[in-house]
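Understanding the architecture of this molecule
Take a look at the letters that make up each chain.
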Amino acid sequence: MVAWISGFITFDPGLSPMGTLVLVGAQWGDEGKGKIADFLSEQADMVVRYQGGANAGHTVVVQGKEYRLHLIPSGVLSGKTCVIGNGVVVDPAQLLEEMERLQAAGFDVSRVFVSDAAHVIMPYHKLFDVLEEDRRGERKLGTTGRGIGPAYRDKFSRVGIRVCDLLDARVFREKLEHHLSQVNSVLELIYQREPLPLEQMLEAYLTYGERLRPHVTDTSLLVNRAIDEGKRVLFEGAQGTLLDIEHGTYPYVTSSHPTAGGACIGAGVGPTRIKRVMGVVKAYVTRVGDGPFPTEETGEAGAWLRARGREFGTTTGRPRRCGWLDLVALRYAARLSALDSLAVTKLDTLTGLDVVRVCTAYECDGARLTEWPRCSEALARCRPVYEELPGWQEDISGARRLEDLPPAARKYLEAIEEAVQVPLAIVSVGPDRRETILRAELF
């Protein structure tokens, strides 16, 4: 699929644009997927969010104005059909607030659709999220407290409430009465908390259901029909590969599958319908929450990256942990999702450094590792082996071709391509949609 020439990998001329593309985070989330999804949305007809919940956030800058999205795909800013798939856990109050805010800003939300099979975040999910995190003490996971994990737990325990349930008062009452009795028993006996009232919850969520009714549909059917009609469909993941419940730094992970395989389950499409997979990688690495992070810089370098990159969580506002680019982790992400292209974001953040570092291997228990260890305890013992590359001082925000970049910046990008053996398709050189280098048409 790729061919080598001097410098960058070149796209094979036979690799033509395709109608479906999955966009995945190739690190611990917060890679700048929001901007890349927004940029690609201009070429797409439909944008589909396939997992996660309101614990994720995209910050998108359009013509100098910043928009923060949590559940609605960033395609809404380009007037595209936006789908919240069955793999997402939906906080209906958050979704309705987001729709109202976008509508007030002049965006059309009439083509935002939510799966009737998506599970609903209930008030007790948020409460349990906080109570359970407090109970863990020093072993806390660093959750956002948005109820995501408890909602997925109910889903797999087969006691969850789905969006379709909110549209039928009798069904909703029956399910909620049954499950709330169990919830309240746990609250009273384990946490010494007052029971949650049934009627108040029923009334609020039935109201949410009626307000969402025009947007609720079988989104699997909607998406598959769009593909059948030759529409260009972008699948947008939340979080990142290293937070995947199966393949991430367990237990410091999210409760769903941000990897490319999650798009099939979370959107209700078959694997043969996915034609391209792009990995988004920040030019350095950040992480929110606890868990091992081999290249983390806790001193001056980390503070510089955080300040320069404005690294604070879109959802929580928490300062992100910062460190140098980890090529071992990136190779792992490329393997898991079979990445066929890369988007590198926030390259401009590194401007002003005399030296930039990349991790090429780990030292662990006296051995050198070039592959990602699956055990989080082993990863926590890993120490990075760095290669130092020259930095650059030039402002790169005006670059629109790779040739416009300083030689040192091009060398840095070449090092990423060479390590991962995946061609570079997009480079972000600033927060705005226009501050982007596009090497190849993807749709």
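Residues numbered from 1 in each chain as written. Predicted model: local features only at pLDDT ≥ 70, side-chain atom pairs only at ≥ 80, totals over all residues. Heavy atoms only, no water.

**Quick word on the overall build of the protein**
On a plain count of helices and strands, the protein comes out with twelve helices and 22 strands. Its C-alpha atoms give the protein a radius of gyration of 22 Å, near enough to 22 Å, the size a compact globule of 443 residues would have. The proportion of buried residues among the 443 residues of the protein is 56%. The long-range share in the protein, meaning contacts at least 24 apart out of those at least 6 apart in sequence, stands at 77%. In the structure as shown, the protein presents an accessible area of about 18200 Å², 50% of it carried by carbon and sulfur atoms. Measuring between centres, the 53 positive side-chain charges of the protein sit 1 Å from its 59 negative side-chain charges. (Helix = DSSP H or I, 4+ residues; strand = E, 2+ residues; numbered from the N terminus. Rg over C-alpha atoms; globule rule 2.2 N^0.38 Å. Buried < 20%, exposed > 50% of the residue type's maximum accessible area, 1.4 Å probe, protein only. Contact = heavy atoms within 4.5 Å. Areas by Shrake-Rupley, 256 points an atom, 1.4 Å probe, with all protein chains shown as cover. Lys, Arg positive; Asp, Glu negative; His and termini not counted. Charge placed at Lys NZ, Arg CZ, Asp CG, Glu CD.)

**Focus on the packing of aromatic side chains**
A full pass over the atoms with the stated rule returns seven aromatic pairs. Pairing Tyr-332 with Trp-372 gives two aromatic rings, centres 5.3 Å apart and planes at 10°, and the pair type is stacked. Pair noted here: Tyr-332 is in helix H10 (residues 327–337) and Trp-372 is in the loop between strand S19 (367–369) and helix H11 (376–381), with a separation of 40 residues, a long-range link. The class for Tyr-332 is buried, based on a relative accessible area of 1%. Taken together, the ring pairs connect Trp-28, Phe-293, Tyr-332 and Trp-372 into an aromatic cluster. (Phe/Tyr/Trp six-rings, centres within 6.5 Å; stacked < 30°, edge-to-face > 60°.)

**Describing the pairing of strand S13 (residues 276–282)**
The buried fraction of S13 amounts to seven of the seven residues, a majority that puts the element mostly inside the structure. Because side chains alternate across S13, one face comprises the buried residues Arg-276, Met-278, Val-280 and Lys-282, and the other comprises Val-277, Gly-279 and Val-281, equally buried. In this sheet, S13 lies alongside strand S3 (residues 20–25) in parallel orientation, the contact comprising five bridges. Residue pairing in the sheet places Val-22 in a bridge with Val-277 of S13. Relative to strand S17 (residues 341–345), S13 runs parallel, the two sharing five bridges. Bridge pairing in S17 places Lys-282 opposite Thr-345. (Pairing = 2+ DSSP bridges.)

**Description of H10**
Of all the eleven residues making up H10, eight are buried; the element is thus mostly covered by neighbouring parts of the structure. Every buried residue of H10 is accounted for by Leu-327, Val-328, Ala-329, Leu-330, Tyr-332, Ala-333, Ala-334 and Ser-337. Contacts from the buried residues of H10 go to S3, S13, strand S16 (325–326), strand S18 (355–364) and helix H12 (407–420). Its side-chain oxygen at 3.0 Å from the backbone nitrogen of Val-328, Asp-326 defines the N-terminal cap of H10. Ala-338 occupies a position one or two residues after H10 and carries a positive phi of about 50°. (Polar contact = N/O pair within 3.5 Å; in protein donor to acceptor, adjacent residues only side chain to side chain.)

**So, the packing of helix H2 (residues 92–104) against helix H6 (residues 198–212)**
For the pair H2 and H6, the least separation of the axes is 10 Å and the interaxial angle reads 40°. On the basis of their axis angle, the class for H2 and H6 is oblique. Handedness of the crossing formed by H2 with H6: left-handed. On H6, the residues touching Pro-92, Ala-93, Leu-95, Leu-96, Met-99 and Glu-100 of H2 are Tyr-205, Tyr-208, Arg-211 and Leu-212. Among the residues making up the contact of H2 with H6, the classes are represented as eight nonpolar, no polar and two charged. (Axes fitted to C-alpha atoms, helices over the stretch in contact; angles between N-to-C directions. Parallel < 35°, antiparallel > 145°, perpendicular 65-115°, else oblique. Left-handed = near helix turned anticlockwise from the far one by under 90°. Nonpolar A, V, L, I, M, F, W, Y, C, P; charged D, E, K, R; others polar.)

**A word on the nonpolar core**
Core analysis: the largest hydrophobic core is formed by 71 residues, its most contacted members being Phe-235, Leu-347, Leu-405, Tyr-412 and Leu-413. Leu-347 has contacts with Ala-283, Trp-392, Ile-396, Leu-405, Ala-409, Tyr-412, Leu-413, Val-427 and Ser-428, leaving out every residue within four places of it along the chain. By size, the runner-up hydrophobic cluster in this structure holds 42 residues, among which are Val-90, Val-109, Val-112 and Tyr-208. (Core = buried A, V, L, I, M, F, W, Y, C linked by side-chain atoms within 4.5 Å.)

**Observations concerning unusual backbone geometry**
Note that the residue after Tyr-250, namely Pro-251, is joined by a cis bond; omega there is 5°. Tracing the chain through its elements places Pro-251 in the loop between strand S12 (233–236) and helix H8 (261–267). If you check the backbone angles, Asp-30 has positive phi at about 60° while not being a glycine. Position of Asp-30 among the secondary structure elements: in the loop between S3 and helix H1 (33–41). Of note, the phi angle at Gln-239 is positive, near 55°, even though the residue is not glycine.

**Things to note about the environment of Asp-45**
Along the chain, Asp-45 turns up in the loop between H1 and strand S4 (46–49). Leaving out residues up to four positions away in the same chain, Asp-45 has contacts with Lys-80, Thr-81, Lys-231 and Arg-232. Here Arg-232 takes part through its backbone nitrogen, which lies 2.7 Å from a polar atom of the side chain of Asp-45.

**Focus: the sheet that holds S4**
In space, the ten strands of this open sheet follow the order S11-S9-S7-S4-S12-S3-S13-S17-S21-S22, with mixed pairing throughout. If you trace the sheet from one side to the other, it starts and ends with strand S11 (216–217) and strand S22 (436–438), each paired once. Where strand S7 (residues 81–84) lies against strand S9 (residues 112–115), three bridges are found, and the strand directions are parallel. Looking at the pairing, Ile-84 lines up with Val-114 of S9.

**Describing the confidence of the model for the protein**
For the protein, the average pLDDT comes to 92, and 96% of its residues sit at 70 or higher. Note that residues 1–6 has pLDDT below 50 and, in this model, 13 contacts with residues that lie over four places away or in other chains. (pLDDT = per-residue confidence, 0-100.)

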